[in-house]
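Summary of the model geometry
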Amino acid sequence: MPELTEIRWHARAGQGAKTASQLLALALLRSGRSVQAFPEYGPERRGAPLRAYTRVSDRPIRRHDAIEHPDLVVVLEPSLVGEANIDEGLTEEGLILVDAEEAPAGLAGRRVRCIPASRLAAQRGSSFGNLVMVGAVAATLGEPPLEEVQEAAVELLGGKLAADDLRGAVEEGYRWVA
């Protein structure tokens, strides 16, 4: 992994991008990495487009600005491709992970990997597409280990949701990529 990896998450408010960004950061922190995770809201209403960010490094992170040149873009809502400049500033080697069965036409010419996270979550009887995508991101990055991500999910959300469901959702995305 490079010295600094920057991840930008795109979703609609209520889809869990802020939670996903924080969960990944928590798991990476537990693995000994320096991290940042923060959201950026437009209009604060359910369904409005939002961005969340995750930075990870081996060194302390001194920057506190929005990520303008992400190495990885994670899209939880594929309908945003046409309206939110998903690939804006993406590095040349950058990758876009999309919660979709197939790549949206608006991303032609970009490195795109589709993870059917919403479908995989629904097959498990849940709506944890964001957690499936966190597992996929961890597998794509090659860190943190699956177990760290699962335990971070339980720590962050275990008071609200069943631990086995959380672990299963993360594993579903991880295994899809791995």
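Check the entry above for the structure.
Throughout what follows, the structure given in this document is the object of discussion. These numbers were taken from a predicted model, which means no experiment stands behind them. (Residues numbered from 1 in each chain as written. Predicted model: local features only at pLDDT ≥ 70, side-chain atom pairs only at ≥ 80, totals over all residues. Heavy atoms only, no water.)

Attention now moves to the packing of aromatic side chains. Evaluation of the coordinates by the stated rule reveals 1 aromatic pair. For the pair Phe38 and Tyr53, a centre-to-centre distance of 5.1 Å together with 35 degrees between the ring planes defines the contact as tilted. One end of the pair, Phe38, is in strand β2 (residues 34-41); the other, Tyr53, is in strand β3 (residues 49-57), with 15 residues separating them in the sequence. (Phe/Tyr/Trp six-rings, centres within 6.5 Å; stacked < 30°, edge-to-face > 60°. Helix = DSSP H or I, 4+ residues; strand = E, 2+ residues; numbered from the N terminus.)

Counting 44 residues, the largest nonpolar core has Trp9 and Val137 as its most contacted members. Per element, the largest residue contribution to this core is 9 residues, and it comes from helix α3 (residues 129-141). Contact partners of Val137, with chain neighbours within four places excluded, come to Ile7, Trp9, Leu24, Leu72, Val74 and Leu97. Core analysis: the second largest hydrophobic core is formed by 11 residues, Val81, Ala84, Ala100 and Leu107 among them. (Core = buried A, V, L, I, M, F, W, Y, C linked by side-chain atoms within 4.5 Å. Buried < 20%, exposed > 50% of the residue type's maximum accessible area, 1.4 Å probe, protein only. Contact = heavy atoms within 4.5 Å.)

Counted under the stated rule, the structure contains 15 salt bridges. The partner of Arg175 in a salt bridge is Glu171, and the shortest N-O contact between them spans 3.0 Å. Linking Arg175 with Glu171, this pair stays in helix α5 (residues 163-177), spanning 4 residues, or about one helical turn. The partly exposed category is assigned to Glu171, whose relative accessible area is 30%. Via salt bridges that share partners, Glu6, Arg55, Arg63 and Asp65 belong to a single interconnected network. (Salt bridge = Lys/Arg side-chain N within 4 Å of Asp/Glu carboxyl O.)

With that out of the way, let us pick up helix α4 (residues 146-157). When the terminal C-alpha atoms of α4 are compared, their 16 Å separation across 12 residues agrees well with the 16 Å that a helix rising 1.5 Å per residue should span. Burial in α4 covers these residues: Leu146, Val149, Gln150, Ala152, Ala153, Val154 and Leu157. Next to the buried residues of α4 lie α1 (17-30), α3 and α5. (Expected span 1.5 Å × (residues − 1).)

Here we come to the sheet that holds strand β6 (residues 112-115). Pairing between the strands of a sheet comes from backbone hydrogen bonds, and it takes one of two forms, parallel or antiparallel. Judged by pairing direction, the sheet is mixed, and its 6 strands sit side by side in the order β2-β3-β1-β4-β5-β6 without closing on themselves. Sheet topology places β2 and β6 at the edges, where each strand pairs with a single neighbour. Averaged over all adjacent pairs, the angle separating strand axes in this sheet is 15 degrees, with direction ignored. The sheet contact formed by strand β1 (residues 4-12) and strand β4 (residues 72-75) spans 4 bridges and is parallel. Across the sheet, Trp9 pairs through a bridge with Val74, a residue of β4. This element, α1, spans β1, β2 and β3 of the sheet and lies at about 175 degrees to β2. (Pairing = 2+ DSSP bridges. Axes fitted to C-alpha atoms, helices over the stretch in contact; angles between N-to-C directions.)

Secondary-structure assignment places Glu77 in the loop between β4 and β5 (95-99). No salt bridge forms around the buried Glu77; measuring N to O, its nearest opposite-charge neighbour Arg12 is 4.8 Å away. Contacts of Glu77, omitting those with residues within four sequence positions, involve His10, Ala11, Arg12 and Gln15. (Lys, Arg positive; Asp, Glu negative; His and termini not counted.)

So, on to the packing of α3 against α5. Interaxial distance between α3 and α5 falls to 6 Å at its minimum, and their mutual angle equals 45 degrees. Looking at the two axes, α3 sits oblique to α5. Crossing handedness for the pair α3 and α5: right-handed. The residues of α5 that touch α3, namely those facing Leu131, Val132, Gly135, Ala136, Ala138, Ala139 and Thr140, are Leu166, Ala169, Val170, Glu172, Gly173, Tyr174 and Val177. Considering only residue class, the contact of α3 with α5 consists of 10 nonpolar, 3 polar and 1 charged. (Parallel < 35°, antiparallel > 145°, perpendicular 65-115°, else oblique. Left-handed = near helix turned anticlockwise from the far one by under 90°. Nonpolar A, V, L, I, M, F, W, Y, C, P; charged D, E, K, R; others polar.)

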